[in-house]
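# Structure at a glance
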Amino acid sequence: MRQLILDLLPEANPAFEDFVVGGNSETLTALAAWLMAENSETLFFLWGDSGAGKTHLLRASSPGSYRDARADPELSSIAGSAPCLAVDNVEALSEQGQLALFNQINRRRANGGRLLAAANVAPAQLQLREDLRTRLASGMLYRLLALPEAEQLAALTEHARRRGLVLPPPVLHYLFARAPRDMRSLTALLTAIEQYALEHKRPITLPLLREVLHTAASGCA
């Protein structure tokens, strides 16, 4: 279901202003300070459950130099000269990829540059080579917390309101019953619903939502 929802939309770079902070105000403040030019710390590490927003923040922080270890476990396309490199899902790195990331951290500490990394657990719990775990743990470490369901619902309603959309309660409940409980998937689905409604000149109703998902599922079959 998650991939089905994301396939409804073209890839777009997330922005900081689209991130729903929730209980992560300290983490967001620290990340913003780390991204300032005068900050000399090389490494910033985010960890947390799937859907907490790690990918959103990495892509917003370094849109041109984002790498996903799930898609490229060897980091074969890593951009060595980028001033800020973001590596997501480091738990998926191969042996070659672990060495590449280790060398990137050392090179950036010696020559300048930033590296933003993320994983589902803290560095000490990663099943990676010991020297890389030590390097990752030596930077700034912050846990990213997923939004509680009530805050997700409020954020989704507010996101719809800002777009001029009115979501009937049955539509909201259907979204929460069927869709992944992370804001990226929920907002992606909301945008797809809006586009579909505009193209077909119909109001957003529960039948329309079911039609959107059925159409997408038929297209992916």
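Residues numbered from 1 in each chain as written. Predicted model: local features only at pLDDT ≥ 70, side-chain atom pairs only at ≥ 80, totals over all residues. Heavy atoms only, no water.

Direction vectors running N to C along helix H6 (residues 149–162) and helix H7 (residues 169–178) enclose 130°, while the axes themselves pass 12 Å from each other. Relative to H7, the element H6 lies oblique. In this structure, H6 meets H7 at a crossing whose hand is right-handed. In this structure, H6 contributes Glu-149, Gln-152, Leu-153, Leu-156 and Thr-157 to the contact, and H7 contributes Leu-172, Leu-175 and Phe-176. Taken together, the residues that form the contact of H6 with H7 break down as five nonpolar, two polar and one charged. (Axes fitted to C-alpha atoms, helices over the stretch in contact; angles between N-to-C directions. Helix = DSSP H or I, 4+ residues; strand = E, 2+ residues; numbered from the N terminus. Parallel < 35°, antiparallel > 145°, perpendicular 65-115°, else oblique. Left-handed = near helix turned anticlockwise from the far one by under 90°. Contact = heavy atoms within 4.5 Å. Nonpolar A, V, L, I, M, F, W, Y, C, P; charged D, E, K, R; others polar.)

The next subject is the pairing of strand E3 (residues 84–88). Counting buried residues along E3, five of its five residues qualify, which places the element largely inside the surrounding structure. Residue alternation in E3 divides its side chains into two sets, Cys-84, Ala-86 and Asp-88 and Leu-85 and Val-87, and both sets are buried. Strand direction decides the pairing type here: strand E2 (residues 66–68) and E3, joined by three bridges, are parallel. Its bridge partner lying in E3, Tyr-66 is registered against Ala-86. Bridge analysis of E3 against strand E4 (residues 114–119) gives four bridges, and the strand direction is parallel. In the strand pairing of E4, Cys-84 is matched with Arg-114. Handedness of the crossover joining E3 and E4 through helix H4 (residues 95–111) is recorded here as right-handed. (Buried < 20%, exposed > 50% of the residue type's maximum accessible area, 1.4 Å probe, protein only. Pairing = 2+ DSSP bridges. Right-handed = clockwise from strand over helix to strand, strands pointing away.)

Before going further, it helps to spend a moment on the packing of aromatic side chains. Applying the stated criterion across every chain yields a total of two aromatic pairs. On the basis of an interplanar angle of 50° and a centroid distance of 5.5 Å, the ring pair of Trp-34 and Phe-44 is categorised as tilted. Here Trp-34, found in helix H2 (residues 25–34), pairs with Phe-44, found in strand E1 (residues 43–47); they are 10 residues apart in sequence, far enough to count as distant. No difference in accessibility class separates Trp-34 from Phe-44, as the two residues are buried. Between Phe-44 and Tyr-142 the ring centres are 5.3 Å apart and the planes differ by 10°, which places this aromatic pair in the stacked class. (Phe/Tyr/Trp six-rings, centres within 6.5 Å; stacked < 30°, edge-to-face > 60°.)

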